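Residue-level structure breakdown
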Amino acid sequence: VQLVESGGGLVQAGGSLGLSCASSEGSFSNYAMGWFRQAPGKEREFVASISWNGGRTYYADSVKGRFTISRLNAKNMVYLQMNSLKPEDTAVYYCARGSGAAGSALAVGRPPQYWGQGTQVTVSS
């Protein structure tokens, strides 16, 4: 399974950025997907996840109300729309596939089964 992120870049605080993740997996629609991030000197942390059919979404408290995760199973894609960005959102963002259908598992710390290579998001103050 290959996960390829795109859409990272440099944005000013208060701005918006959208990330995309393309999956090579034929059974993409069977699995939960998530976004994680890792800032310099920090551990990788959960950002958001979505269930297999998009029916349920989960967010870290730090991004709730600002970020939106979505998916389009017909195109094997998952997205992260980031609004009202803050300098502390600066990190490498990773797309990940869960080991099951429930997005809640990713939210509570069950390790993803597959990771993308990551895309850099930098928010300037």
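Worth saying up front: this structure is predicted, and the values here are computed from it rather than measured.

Attention shifts here to the sheet that holds strand β3 (residues 17–23). Two orientations exist for strands paired in a sheet by backbone hydrogen bonds: parallel and antiparallel. Strand order across the open sheet formed by four strands is β1-β3-β8-β7, with antiparallel pairing between neighbours. Here the strands that pair on one side only, and so sit at the sheet edges, are β1 (3–6) and β7 (67–72). Mean inter-strand twist for the sheet, computed between neighbouring axes without regard to direction, equals 15°. Two strands pair when backbone bridges link them, and β3 and strand β8 (residues 77–82) are joined in this way by six bridges, in the antiparallel orientation. Its bridge partner lying in β8, Ala22 is registered against Met77.

When you line up the elements, Ser99 lands in the loop between β9 (91–97) and α1 (103–107). Accessibility expressed as a relative area gives 38% for Ser99, which makes it partly exposed. Linking Ser99 and Asn30, residues 69 residues apart in sequence, is a C-alpha distance of 9.6 Å. Filtering out sequence-adjacent residues up to four positions away, Ser99 remains in contact with Tyr31, Arg110 and Gln113.

Turning to the packing of aromatic side chains, a few remarks are in order. Within this structure, the stated rule accounts for three aromatic pairs. Between Tyr94 and Trp115, the aromatic rings sit 6.2 Å apart at their centres with planes inclined by 85°, giving edge-to-face as the arrangement. Residue Tyr94 is found in strand β9, and its partner Trp115 is found in strand β10 (residues 114–115); the two are separated by 21 residues along the sequence. With a relative accessible area of 34%, Trp115 lands in the partly exposed category. Stacked on the ring of Phe28, the Lys or Arg Arg71 has its end atom at 4.5 Å from the ring centre.

Turning to the pairing of β3, a few remarks are in order. Of all seven residues in β3, five are buried; the element is thus mostly enclosed. Relative to β3, β1 runs antiparallel, the two being bridged by four bridges. Considered in β3, the bridge of Glu5 is made with Cys21.

What follows covers the pattern of salt bridges. One pass over the structure, following the stated rule, counts five salt bridges. Between Arg37 and Glu45 there is a salt bridge, with its nearest N and O atoms 2.6 Å apart. Given the relative accessible area of 35%, Glu45 is considered partly exposed. A salt bridge links Arg66 to Asp89; the shortest N-O distance between them is 2.7 Å. Taken as a pair, Arg66 in the loop between β6 (57–59) and β7 and Asp89 in the loop between β8 and β9 lie far apart in primary sequence, 23 residues in all. Like Asp89, Arg66 is buried. When salt bridges with common partners are traced through the structure, they connect Arg37, Glu45, Arg66 and Asp89 into a single cluster.

Thresholds, definitions, all that
- Residues numbered from 1 in each chain as written.
- Predicted model: local features only at pLDDT ≥ 70, side-chain atom pairs only at ≥ 80, totals over all residues.
- Heavy atoms only, no water.
- Pairing = 2+ DSSP bridges.
- Helix = DSSP H or I, 4+ residues; strand = E, 2+ residues; numbered from the N terminus.
- Axes fitted to C-alpha atoms, helices over the stretch in contact; angles between N-to-C directions.
- Buried < 20%, exposed > 50% of the residue type's maximum accessible area, 1.4 Å probe, protein only.
- Contact = heavy atoms within 4.5 Å.
- Phe/Tyr/Trp six-rings, centres within 6.5 Å; stacked < 30°, edge-to-face > 60°.
- Lys NZ or Arg CZ within 6 Å of the ring centre and 35° of its normal.
- Salt bridge = Lys/Arg side-chain N within 4 Å of Asp/Glu carboxyl O.

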